[in-house]
Amino acid sequence: MVNKSFSVGLLPDEWKHADITPLHKKGSKSLREHYRPISLTCISSKIGKKFVFDRMIGFWREIDLINSHQFRFLRGRSTAAQLLSTFNDWVKSQDLSIPTDVIFLDLAKAFDSIPDERLLLKLKSNSIDASLLNWLRHFLVGCKQHVVVKGSCYDWSRGTSGTPQGTILGPLLILASYISVT
């Protein structure tokens, strides 16, 4: 079923439906922004998205598109490893009396702010082939979701823009929007 989905560039409707469960992350439980949405989808959808993730990461590594200093979203490249690498660089700079500038970025609302067509153009410019691009277009456009809280389901809604959160592809698509072929 997964191979058929890739070959035709379409996803079964069931793969495009998600139950969104809000997970409290910090602060007051009465404020919506203190929750992270977790997307619960069917198993076959998760398998398909995992294949796409592995295919895209493998291809981008093969063509040396992912910067060697990229840690986030990559297997075996943890936040702790990033901090140790950064700390090591700072200590070396200090030992050599080299001034060091540091910039911290928080890409707030990154999942919500990338228009689908712009993301698809970016993926195309990053050498994603036509069949996978069609599959990703179908993944991004027309997904339906509803929030489930304590067993109560709210009305289904369609995403109009942005990258689905809570799926393995969400962070990868965010990463894709920031990398480019050199």
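Provided above is the structure to which this section pertains.
If you're wondering where the values come from, they're calculated on a predicted model, not measured in any experiment.

Parameters and conventions
Residues numbered from 1 in each chain as written. Predicted model: local features only at pLDDT ≥ 70, side-chain atom pairs only at ≥ 80, totals over all residues. Heavy atoms only, no water. Phe/Tyr/Trp six-rings, centres within 6.5 Å; stacked < 30°, edge-to-face > 60°. Helix = DSSP H or I, 4+ residues; strand = E, 2+ residues; numbered from the N terminus. Buried < 20%, exposed > 50% of the residue type's maximum accessible area, 1.4 Å probe, protein only. Patch = residues over 30% accessible without salt bridge, like charges linked within 9 Å, V, L, I, M, F, W, Y side chains within 5 Å. Areas by Shrake-Rupley, 256 points an atom, 1.4 Å probe, with all protein chains shown as cover. Salt bridge = Lys/Arg side-chain N within 4 Å of Asp/Glu carboxyl O.

Undergrad: Residue-level account of the packing of aromatic side chains, with values.
TA: Taken as a whole and judged by the stated rule, the model has two aromatic pairs. Seen in terms of ring centroids, Phe-6 and Trp-135 are 5.3 Å apart; in terms of plane orientation they differ by 55 degrees. Their pairing is tilted. Placement of the pair is Phe-6 in helix α1 (residues 2-8) and Trp-135 in helix α6 (residues 130-140), with a sequence separation of 129 residues. Across this residue pair, the class does not change: Phe-6 and Trp-135 are buried. Through pairs of rings, three or more aromatic residues link up here, namely Phe-6, Trp-135 and Phe-139.

Undergrad: Tell me what's going on with a nonpolar patch on the surface, and back it up with residues and numbers.
TA: Nonpolar side chains collect at one region of the surface, where Phe-87, Trp-90, Val-102 and Phe-104 lie side by side and expose about 460 Å² of accessible area between them. Note that Phe-104 resides in the loop between α3 (79-95) and α4 (110-113).

Undergrad: Requested: an account of unusual backbone geometry, with residues and values cited.
TA: If you check the backbone angles, Ser-97 has positive phi at about 55 degrees while not being a glycine. Looking at where Ser-97 falls in the secondary structure, it is placed in the loop between α3 and α4. Despite not being glycine, Lys-150 shows a phi value in the positive range, around 50 degrees. Looking at the element boundaries, Lys-150 is found in the loop between β3 (144-149) and β4 (152-153).

As far as function goes, none of this settles anything; it's purely spatial.
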